Amino acid sequence: DVKVTQSSRYLVKRTGEKVFLECVQDMDHENMFWYRQDPGLGLRLIYFSYDVKMKEKGDIPEGYSVSREKKERFSLILESASTNQTSMYLCASSSLPTVTYEQYFGPGTRLTVT
Amino acid sequence: AQTVTQSQPEMSVQEAETVTLSCTYDTSESDYYLFWYKQPPSRQMILVIRQEAYKQQNATENRFSVNFQKAAKSFSLKISDSQLGDAAMYFCAYRSNFNKFYFGSGTKLNVKP
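As the structure is a prediction and not an experimental result, all values here were calculated from the model.

> Can you tell me about the state of the cysteines, naming the residues and giving the values?
Here a disulfide denotes one covalent bond, and it connects the sulfur atoms of two cysteines. Scanning the entire structure with this criterion turns up 2 disulfides over all chains. The disulfide partner of A:Cys23 is A:Cys91, and the S-S distance across this bridge is 1.8 Å. Its S-S torsion of about -75° marks the bond between A:Cys23 and A:Cys91 as left-handed, since a negative value means left-handed. Residue A:Cys23 is found in strand E3 (residues 19–25), and its partner A:Cys91 is found in strand E9 (residues 87–94); the two are separated by 68 residues along the sequence. Overall, A:Cys23 belongs to the buried group, its relative accessible area being 0%. The buried category is assigned to A:Cys91, whose relative accessible area is 0%. Note that B:Cys23 is cross-linked by a disulfide to B:Cys92, the S-S spacing being 2.0 Å. Looking along the S-S bond of the B:Cys23-B:Cys92 disulfide, the torsion reads about -70°, which is the left-handed sense. Residue B:Cys23 is found in the loop between strand E3 (19–21) and strand E4 (24–26), and its partner B:Cys92 is found in strand E10 (residues 88–95); the two are separated by 69 residues along the sequence. Of the two residues examined, B:Cys23 and B:Cys92, each falls in the buried class.

> So what about the interface of chain A and chain B? Which residues, and what values?
Interface size is commonly expressed as the accessible area that is lost once the parts come together. Each side of the interface is counted separately: chain A has 26 residues, and chain B has 18 residues. Summed over both sides, the interface between chain A and chain B buries roughly 1800 Å², with carbon and sulfur atoms accounting for 54% of that surface. Broken down residue by residue, the surface that chain A buries against chain B is led by A:Tyr101, A:Glu102 and A:Phe105, which jointly contribute 34%. Applying the counting criterion to the chain A and chain B interface returns 1 salt bridge. For the salt bridge of A:Glu102 with B:Arg50, the shortest nitrogen-to-oxygen distance reads 2.6 Å. Put simply, chain A and chain B have 5 residue pairs in polar contact (both at pLDDT 80 or more) between them. Contributing elements (two or more residues each) for the side of chain A that touches chain B: strand E4 (31–38), strand E5 (42–49) and E9 of chain A.

> Summarise the packing of aromatic side chains; cite the residues concerned and give the values.
Scanning all chains against the criterion turns up 17 aromatic pairs over all chains. On the numbers, 5.6 Å between centres and 85° between planes, the contact of A:Phe33 with B:Phe101 is edge-to-face. Here A:Phe33, found in strand E4, pairs with B:Phe101, found in strand E11 (residues 101–103), and the two come from separate chains. This pair shows no difference in class: A:Phe33 is buried, exactly as B:Phe101 is. The structure contains a cluster of three or more aromatic residues connected by ring pairs, namely A:Phe33, A:Tyr35, A:Phe48, A:Phe105, B:Phe35, B:Tyr37, B:Phe101 and B:Phe103.

Rules used throughout
Residues numbered from 1 in each chain as written. Chains lettered and ligands numbered in written order. Predicted model: local features only at pLDDT ≥ 70, side-chain atom pairs only at ≥ 80, totals over all residues. Heavy atoms only, no water. Disulfide = S-S within 2.5 Å. Helix = DSSP H or I, 4+ residues; strand = E, 2+ residues; numbered from the N terminus. Buried < 20%, exposed > 50% of the residue type's maximum accessible area, 1.4 Å probe, protein only. Contact = heavy atoms within 4.5 Å. Buried area = accessible area lost by both parts, 1.4 Å probe. Salt bridge = Lys/Arg side-chain N within 4 Å of Asp/Glu carboxyl O. Polar contact = N/O pair within 3.5 Å; in protein donor to acceptor, adjacent residues only side chain to side chain. Phe/Tyr/Trp six-rings, centres within 6.5 Å; stacked < 30°, edge-to-face > 60°.

Following this line, the structure appears as structure tokens:
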């Protein structure tokens, strides 16, 4: 079974803090994604990576950065957390379309910024 | 850019009955993939069913089936014999040729005993 894990289920941070969200997948997937999920808005893509050290901006990259130093690990960084970044953050991974088509999701991190 | 629309924020169904969740999408691509994901309360998002756009036959997985209308850009999910465990948020998703995924805003399904 594909397993995608996220470092924390719940996180509370203060405004201005630097926040790291970690995601690890164990299926040697090429692609990894970070989304934020907000009620009524569905999932919105923040960043994705299709290879080590490669990244591309999604639809809402402002205020976020990412790092992918190893194939299995994809980190989301909030440089200076703000209250409007309070949300559920979901990590996902997928392989090449010739192998599997769908994304596999982690359990999510619910981040509260106070 | 591709967009995915789920026009039903919330739906309810009686246990053992059938319910259909709607999804429409907008794209200029001819080859793509469509998915329905289920997110139970406080639990991980999991794949329910997928459909390759080049296949005319509608996908089926046990009690779950889709009605894929490529020309109309419509991709609805039918759940037959609804069970209490089907209660969840359901998201329709589109995978483009560039490996990007686009999600709808979700439909919350309530199942009444």
